Amino acid sequence: MGDAAAGGQAERAEWTDPSALESEPDAYRLPESAALDLLANGELAIRGRLVDASNATMYCDISGNGVEAACVYKPVAGERPLWDFPEGTLAGREIAAYAVSRTAGWNVVPPTVYRDGPFGPGMCQLWIDADTKVDLVALARSGDHAGLRRMAIFDAVVNNADRKVGHLLPAPDGHLYGCDHGVCFAAEYKLRTVLWQWRGKQLPGEALVALRCLRDSMAAGELATDLGNWLTPEEIEATRKRIDLLLEHKVYPFPPTDWPAVPWPPV
Ligand SMILES: Nc1ncnc2c1ncn2[C@@H]1O[C@H](COP(=O)(O)OP(=O)(O)O)[C@@H](O)[C@H]1O
Ligand SMILES: [Mg+2]
């Protein structure tokens, strides 16, 4: 985490004072719709750039209607070109990933919107003050963490090509969020993750329910619109096929054989 983020942590640490909490609840506890409204319409003030980020990833304050929060802003103009994803599409993929996570009821992805900002349009995502007491490497290796299992299935659906340990955000209330979903939804199988511990194991029943809900929601409605806005028809079709495969075989996927299955560096 960069200096800017450290500054943000310091400021938000004041909120752990109980008297401050009464008047200013942690932003990640905002109702989803209020968080989305704040992110979409609030005033964005850049505090600094996250130094460990590979793209131009800004740590910002966002405020409006008397509510304040911290967020991440990734302008499209700051996206580093990649050989395997079309240029200028990463922010949109983050929105599509949020739409999948929300529709499935997994809430892996913090509230995320596409909006204009000081460096032009980009994605804006609620900042989660992760619990620094959690050992992320141990968490990533866990075999019985419900939130982590959900994240592994979410990654399989969105075909996440970059699930690193540092992309795990355990909130202080125990909920596990994830970040950095720009390199998702490739049409070819590109799952690259540190979460292979359940490969070939049976999917839990709740995952099958969520997957069926996703498959149905892809036909029409908000999810269909969101995916249509940000992904190509081929990528949407591939997403549908990944969901169908998971529902057919009812197991966690196996690592691809023609593609590095673990991100580098893994942390
Ligand atoms: N919504 C968020 N809440 C808290 N921390 C975040 C959030 N988004 C990103 N971060 C932190 O910032 C780092 C860099 O962001 P990331 O999305 O990985 O950028 P990049 O696409 O440039 O790699 C992450 O590894 C994580 O530590
Ligand atoms: Mg990253």
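Look a little higher up for the structure.
As a starting point, this report considers the structure included with it. For every chain, the first residue of the written sequence is number 1, and numbering continues from 1 along that sequence. Lettering of chains starts at A and numbering of ligands starts at 1, both following the order in which they are written. With pLDDT at 70 or above as the cut-off, local features in this predicted model cover only qualifying residues; side-chain atom pairs require 80 or more to be listed or tallied, and sums for whole chains, interfaces and linings still use all residues.

## So, the sheet that holds strand 1 (residues 43–49)
Strand order in the open sheet made by the five strands is 1-2-3-5-4, with antiparallel pairing throughout. Only two strands of the sheet have a single neighbouring strand rather than two, namely strand 1 and strand 4 (112–115). With strand direction ignored, the average angle separating the axes of adjacent strands in the sheet is 35°. Strand pairing follows a simple DSSP-based rule, namely that at least 2 bridges must link the two strands. Strands are runs of DSSP state E lasting at least two residues, helices are runs of H or I lasting at least four, and both sets are numbered from the N terminus onward. Bridging between strand 1 and strand 2 (residues 58–64) involves six bridges; their strand directions are antiparallel. Bridging across to strand 2, Arg 49 finds its partner in Met 58. Here contacts are defined at the residue level, using C-beta atoms placed from the backbone and a cut-off of 7 Å between them. Only the stretch in contact is used when a helix axis is fitted, and all axes are lines through C-alpha atoms; the angle between N-to-C directions ranges over 0 to 180 degrees. Helix 4 (residues 90–103) contacts strand 3 (67–75), strand 4 and strand 5 (122–126) of the sheet and is inclined by roughly 145° relative to strand 4.

## Considerations on the site of ligand 1
Around ligand 1, the structure places 19 residues, and the nearest of them are Ala 53, Asn 55, Ile 128, Cys 179 and Asp 180. Among the residues making up the shell around ligand 1, the classes are represented as 10 nonpolar, seven polar and two charged. The rule is simple: place the C-beta atom from the backbone, and if it lies within 6 Å of a molecule or strand, the residue is near it. In this classification, Asp, Glu, Lys and Arg are treated as charged, Ala, Val, Leu, Ile, Met, Phe, Trp, Tyr, Cys and Pro as nonpolar, and every other residue, Gly included, as polar.

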